[in-house]
Amino acid sequence: MAHLPKYLTGDQTAINEFIDKFDVFLFDCDGVLWSGDHLFEGTVETLELLRSRGKKTIFVTNNSTKSRADYLKKLTSMGIPGDVDEIFASAYSSAIYIARIMKLPAPKNKVFVLGESGIETELRSEGVEFIGGTDPALRRDITPEDYKGIADGSLLDDNVGIVLAGLDFHINYLKLAHAYHYLARGAKFLATNTDSTLPSNHTFFPGAGSISIPLINMTGQQPLALGKPSQAMMDAIEGKFRFDRKKACMVGDRLNTDIQFGIEGKLGGTLAVLTGNWLGRDAAQWARPATLIPKEATIPPYKTEPWQTNRPRSIKEGRDHARSPDRP
Ligand SMILES: O=C(O)[C@H](O)[C@H](O)COP(=O)(O)O
Ligand SMILES: [Mg+2]
């Protein structure tokens, strides 16, 4: 049965009733708390209000460019008090999965990383060996010697057993060539997450999923994605906080990661906000019967950010489509 979203309009009673249903709020970060370095209006006040009512807040982000410690610095710099233990980022859940669940036998458990320092920090904290990532030696054009050395294997590390693809701001042909050949040699293909776009500066940029696409295209393999909506991440969070899933709500901006994560995790509710990837590729999700949106799904009142007023009205109004709520 298709669930239709309920709108959480400016009605304070409805908002209080919604809040009182839950003990724990899992907050997505990019597109919910902020867009890049722009903190959305009301974010700090909302978190303070929830905490003042004894609600637990946990930050669950697919952004693998930062470690949990980096995220704590960002939260603090944005005026959001937090604790590193309340932060679950996809780099962390990937490192945990590799180190504690996959547990490939050494020495063939080295990781070739496409991604930034967040992944490296978390792999290091789990004692997982890696190459690639932010290595400056790979930030250059491919040369005839590279072609030769990759082709005959002399430039490849025989201990690489995993390719882990995350958001990499320095992706290039040379790194993709290395990653492809490791996969061709049988390395396991993992992704921190497969978000198609990254919400930032009130628009969208290539997301982590756009980094692994070339490898999917070349190999025909789909990576095991370890961020939302993967339930490995939900199990890790529940294992740590031991919360009642029926009393937890996932707040997110992306339907095929955040909201799906909450629904498949059988949480008590989900809250879809309109400040992030709403108009990304996921808009198409609304074209499907709203099976991903349980009845508790709501769309909070939001002040249209200036950049949103001229956004394309690509979302039909109607039965299975969410509508931008009237402005409060
Ligand atoms: O491309 C990406 O990696 C994602 O867009 C980004 O990281 C999403 O982060 P989140 O919304 O889960 O905080
Ligand atoms: Mg988001």
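Residues numbered from 1 in each chain as written. Chains lettered and ligands numbered in written order. Predicted model: local features only at pLDDT ≥ 70, side-chain atom pairs only at ≥ 80, totals over all residues. Heavy atoms only, no water.

Caption draft 1: A look at the environment of Glu48. With respect to the helices and strands, Glu48 occurs in helix H2 (residues 43-52). Look at Glu48 and you get partly exposed, because its relative accessible area is 46%. (Helix = DSSP H or I, 4+ residues; strand = E, 2+ residues; numbered from the N terminus. Buried < 20%, exposed > 50% of the residue type's maximum accessible area, 1.4 Å probe, protein only.)

Caption draft 2: Examining the site of ligand 1 more closely. Near ligand 1 you find 16 residues, and of these Asp28, Asp30, Thr61, Asn62 and Thr197 are the closest. With respect to ligand 1, the side chain of Lys228 contributes an N or O atom lying 2.8 Å from an oxygen atom. Taking 350 Å² as the accessible area of ligand 1 by itself, protein coverage stands at 99%. Sorting elements by how many residues they give to the shell around ligand 1 places strand E11 (residues 197-200) first, with three residues. Structurally, the shell around ligand 1 is a two-domain feature, drawing no fewer than three residues from each of domain 1 (6-62 + 229-293) and domain 2 (105-225). (Near = heavy atom within 4 Å. Polar contact = N/O pair within 3.5 Å; in protein donor to acceptor, adjacent residues only side chain to side chain. Areas by Shrake-Rupley, 256 points an atom, 1.4 Å probe, with all protein chains shown as cover. Domains from an automatic or database assignment.)

Caption draft 3: Just the nonpolar core, in detail. Counting residues in hydrophobic clusters, the biggest one holds 25 residues, and the most contacted among them are Phe25, Phe27, Leu33, Trp34, Phe59, Ile80 and Val251. If you list the elements that add at least two residues to this core, you get helix H1 (12-20), strand E2 (24-27), H2, helix H3 (68-77), strand E6 (87-89) and strand E14 (248-252). Those residues in contact with Phe27 that sit more than four places away from it in its chain are Val32, Leu33, Leu47, Leu50, Thr57, Ile58, Phe59, Val60, Met250 and Val251. Within the second largest apolar cluster, 23 residues are counted, among which are Leu138, Ile150, Leu167 and Ile211. (Core = buried A, V, L, I, M, F, W, Y, C linked by side-chain atoms within 4.5 Å. Contact = heavy atoms within 4.5 Å.)

Caption draft 4: Region of the structure containing the UniProt feature "binding site: Mg(2+)" (unreviewed entry) in the protein chain. Within this numbering scheme, the UniProt entry marks Asp28, Asp30 and Asp253 as carrying the feature "binding site: Mg(2+)" (unreviewed entry). Across 226 residues in sequence, these annotated residues keep their C-alpha atoms within 8.1 Å of one another, forming a single compact spot. With respect to the helices, strands and loops of the structure, Asp30 is situated in the loop between E2 and strand E3 (34-35). For Asp30, a relative accessible area of 10% gives the class buried. Residues within four places of Asp30 in sequence aside, it is in contact with Asn63, Tyr71, Leu198, Pro199 and Asp253. Note on placement: Asp253 falls in the loop between E14 and helix H10 (255-264). According to the relative accessible area criterion, Asp253 is buried, its value standing at 5%. (UniProt positions renumbered as here; feature names shortened; annotations may be inferred.)

Caption draft 5: Here's a closer look at the UniProt feature "active site" (unreviewed entry) in the protein chain. The sites that UniProt annotates as "active site" (unreviewed entry) are Asp28 and Asp30. On the secondary structure map, Asp28 appears in the loop between E2 and E3. According to the relative accessible area criterion, Asp28 is buried, its value standing at 4%. For Asp28, the contacting residues outside a window of four places in its chain are Leu33, Val60, Thr61, Lys228, Met250, Val251, Gly252, Asp253 and Asp258. A polar side-chain atom of Asp28 sits 2.5 Å from a polar atom in the side chain of Lys228.

Caption draft 6: Spotlight on the coordination of the magnesium ion (ligand 2). Around the magnesium ion (ligand 2), the donor atoms from the protein are Asp28 (OD), Asp30 (O) and Asp253 (OD), and they sit 2.0 to 2.1 Å away. Mapping the donors of the magnesium ion (ligand 2) onto the primary sequence gives the spacing D-x1-D-x222-D. In this pair, Asp28 is assigned in the loop between E2 and E3 and Asp253 in the loop between E14 and H10, connecting sequence segments 225 residues apart. Here the two residues Asp28 and Asp253 agree in accessibility, since each one is buried. (Donors = N, O, S within 2.8 Å, 3.2 Å for Na, K, Ca; no water.)

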